[in-house]
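What follows is each chain in one-letter form.
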Amino acid sequence: MDQTDLIALVDRLRAEGREASTVEFKSGWDLPRDIGEYLSALANAAVLERHDHAYLVWGVNDKTHGVTGTTFKPFTAKGDGAQPLIMWLTQATSPRPDFEFHEVQHPQGPVVVLDIKAPRTAPLAFAGVRYIRIDSHKTKLSDHPDKELRIWDFLGQKSDWSGEIVPDATVADLDPEALDAARKRFTEYLLKAEPDTSRHEHIRADAQGWDVVTLLNKARITKAGRITRSALLLLGKDESAHFLAPVDAKLSWISRNAQNATGPSHPYGMPFLLATDQIFRRIRNEAIEAMPDGTLFPVAVQRYDSWVIREALHNCVAHQDYRLGGKVNVVEHPDKLVFTNLGQFIPPSVEWMLEHQSPPEHYRNQWLIDGMIRLRMIDQVGSGIRRMFQTQRDRYFPLPDFVFEVTEPGHPRVEVTILGQVLDIKYTQLLMKRADLDLRQVLLLDKVQKKRPLAAEDVRELKKFKLIEGRSPNFFVSAKVAEWAGQKASYIRNKGLDDGYYRKLVTDYLKKYGQASRKDLDELLLAKLPDVLDAAQKAHKIRNLLQAMRRYGLIHRTGPKATAIWRLAEGGPEGQS
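From a predicted model like this one, the values you see are computed outputs, not experimental measurements.

Student: Can you lay out the overall build of the protein for me, pointing to particular residues and giving the numbers?
Tutor: A tally of helices and strands in the protein yields 20 helices and 21 strands. Evaluated residue by residue, the protein yields a buried proportion of 50% over its 577 residues. At a minimum sequence separation of 6, the contacts of the protein that also span at least 24 residues come to 65%. As displayed, the protein has an accessible area near 27200 Å², and 49% of this comes from carbon and sulfur atoms.

Student: Lay out the pairing of strand β9 (residues 251–256) with the relevant residues and their values.
Tutor: Counting buried positions along β9 gives five out of six residues, so the element sits mostly inside the fold. Alignment of β9 against strand β10 (residues 262–268), held across five bridges, turns out to be antiparallel. When the sheet's bridge partners are listed, Trp-253 is paired in β10 with His-266. In this antiparallel pair of consecutive strands, β9 and β10, the connection spans five residues, and Asn-260 shows a positive phi of 70 degrees. Bridging between β9 and strand β13 (residues 328–332) involves five bridges; their strand directions are parallel. Bridge pairing in β13 places Ile-254 opposite Val-331.

Student: Which residues make up the sheet that holds strand β3 (residues 93–94), and what values do they have?
Tutor: Read across the open sheet, the four strands follow the order β3-β6-β7-β8; overall the sheet is antiparallel. Edge positions in the open sheet fall to β3 and β8 (137–140), since each of these has one partner strand only. In terms of strand pairing, strand β7 (residues 129–134) meets β8 through four bridges, oriented antiparallel. Directly across from Arg-133, in β8, lies its bridge partner Lys-138.

Student: If you had to explain the side chain of Glu-311 to someone new, which residues and values would you point to?
Tutor: Within the fold, Glu-311 resides in helix α10 (residues 306–319). Among buried charged residues, Glu-311 stands out as having no salt bridge; its nearest opposite-charge side chain is Arg-387, 6.6 Å away. Dropping the residues within four chain positions of it, Glu-311 is found in contact with Ile-378, Asp-379, Gly-384, Ile-385 and Met-388.

Student: Give a detailed account of the environment of Asp-160, specifying residues and quantitative values.
Tutor: As for its placement among the helices and strands, Asp-160 is situated in the loop between α4 (145–155) and α5 (176–193). A relative accessible area of 12% places Asp-160 in the buried class. Measuring from C-alpha to C-alpha, the distance between Asp-160 and Thr-121 comes to 8.0 Å, with 39 residues separating the pair along the chain. What Asp-160 contacts, discounting residues up to four positions off in sequence, is Arg-364, Asn-365, Gln-366 and Trp-367. At a separation of 3.2 Å, a polar atom in the side chain of Asp-160 contacts the main-chain amide nitrogen of Gln-366. Within polar-contact distance, the side chain of Asp-160 engages the backbone nitrogen of Trp-367 at 2.8 Å.

Student: Go over unusual backbone geometry, please, and point to the residues and values.
Tutor: The linkage connecting Ser-94 with the following residue, Pro-95, adopts the cis geometry, with an omega of -5 degrees. Residue position: Pro-95 is located in the loop between β3 and β4 (99–106). For the bond running from Ala-245 to Pro-246, omega is 10 degrees, close enough to zero to count as cis. Not every positive phi belongs to a glycine, and Arg-220 is a case in point at roughly 60 degrees. Mapped onto the fold, Arg-220 is located in the loop between α7 (212–218) and α8 (229–235).

Student: Kindly report on the nonpolar core, identifying the contributing residues and their values.
Tutor: Counting 60 residues, the largest nonpolar core has Leu-235, Phe-272 and Phe-339 as its most contacted members. The leading source of residues in this core is α10, at seven residues. Ignoring any residue separated from it by four or fewer positions in sequence, one finds Phe-272 in contact with Leu-233, Leu-234, Ala-249, Lys-250, Leu-251, Val-317, Tyr-322 and Met-377. Of all hydrophobic cores here, the second largest spans 30 residues; its members include Leu-56, Val-112, Leu-114 and Leu-141.

What counts and how
Throughout, residues of each chain are indexed from 1 in the direction in which the sequence is written. Under the rules for a predicted model, residues below a pLDDT of 70 receive no local features and side-chain atom pairs below 80 are neither given nor counted, while totals for whole chains, interfaces and linings still include all residues. The side-chain quantities take in all heavy atoms of the structure and omit both hydrogens and water. For the purposes of this entry, the term helix denotes a DSSP run of H or I that reaches at least four residues, the term strand denotes a run of E that reaches at least two, and both are numbered from the N terminus. The buried label applies to any residue whose accessible area, calculated with a 1.4 Å probe on protein chains only, is under 20% of its type's maximum; exposed applies above 50%, and partly exposed to all values in between. In this analysis, two residues are considered to be in contact whenever any of their non-hydrogen atoms come within 4.5 Å of each other. Each accessible area value is a Shrake-Rupley result obtained with a 1.4 Å probe; residue values ignore everything except the protein chains displayed when judging cover. A pair of strands is labelled paired if DSSP reports no fewer than 2 bridges between them. Positive charges come from Lys and Arg, negative ones from Asp and Glu, while His and the chain ends are left out of the count. Criterion for a salt bridge: a side-chain nitrogen of Lys or Arg within 4 Å of a carboxyl oxygen of Asp or Glu. Here a polar contact is taken to be a pair of N or O atoms separated by no more than 3.5 Å, where protein atoms must pair a possible hydrogen donor with a possible acceptor and residues adjacent in sequence count only if both atoms sit in side chains. Here, the term nonpolar core denotes a set of buried Ala, Val, Leu, Ile, Met, Phe, Trp, Tyr and Cys residues that are joined through side-chain atoms within 4.5 Å.

Given below as structure tokens:
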């Protein structure tokens, strides 16, 4: 626009009776972060109001709409640090914003106009947070889930990157092994959807007879036989990745030790249908001691639930913003798995997902997600996250952590952490005792055990039901949980339950060291006994355990009782349990 058009634009905006939700007047310069937040808020308001543009105007009084003039120079201004303001705003905003600064030589004084085009693919976020302008107030979009859903509904599927056709790609660019796996999985999907089992053989025969084009069309991976980006991601040969350039079509498995130093790692390319299974087999899901059956005696369980691992990994593939050029990463620590993918977290929050028990109206990669559902890689949309939380709750393990952050400008990412160990025994005991707690309450208690802050109303709710104790911010799960009236005596009476576990600890120790004093065996066993037993009860249990092992001919004692030494019995059934 030339100066005449720009002056006319300023006067048109000034003539409006009051500031609209898509227009903001400023008398002077603001901090860079405030401008970034207004860029997001005004752009999202433009979508909500069905406007093509929104405007941030400097040099106009927000009350009288009179021109006051401004000294703001957008083309020489700096963002946070030394970076030019325009470049800094572009990199800190996602998806990539479409805006332009204009310096207007208005007859009444210099004016600057920031012309913001309404986003076309997703609500605009600055530094990882989406904002909205409501009347004359700027606020977080997540505080208004109804408006966020309306924005997503309007944006709809205008631009689904995953469903776009790749003109030069053909069926020959797909991996034969992945195609075989796709046929098998899609057949399973069809069988699961058909309750009449008498039709199953007919379905299997049909599926085996389809050619590749028919198979992929029915699974909604190709479009009329034409290869989509989803088809390449899920089924493409690794050497076909060039069709998706500059996308980095890779998944990475990375191991870290207890000191967080990087150990072995491995990248996996297309096809993702096979790559996710390869990463799953890499993960060391060893057995650990836990209490999954509601007793207070530990038994061996897998560190991670297999379904939860697969769901987290497949969600990363499904929701990655491939246009940002990054990889999906799975980082394996000794006691946790961390999954990361690039892009906005589309639901307003995890809490919103758990409360509403329904998915958002739209997703970033809808075509990819539809294909993954039919290949049985993910559950029906919306149920996966809730099931992950419920599964961890049923195992009495900490709940998953979903974190949305911007680690570098223009690169928002979602990080999901699955812990593979019990953090707080009281939390575990509480879940065993209180099966009536809803998932939201469990989420709040999980925050307590992880030392996370709680809102005042959440504190009041948990204290009302006597689930937590302490003062802000140092709350802890109530110790009263351990006082299980009538159950303590029951567990003590059933002292033989799982005694094989303790017997094996003793025999393994004696095999390794040859002998042990009672003090040695106390140090070995006391920490393994449940906290519900007091010191006298634990000592009594160890004494009974050793005497029983002696009677069974597993071990024998030499020397006076006070200084007795325990050894494996000669010719006895070593290691019997």
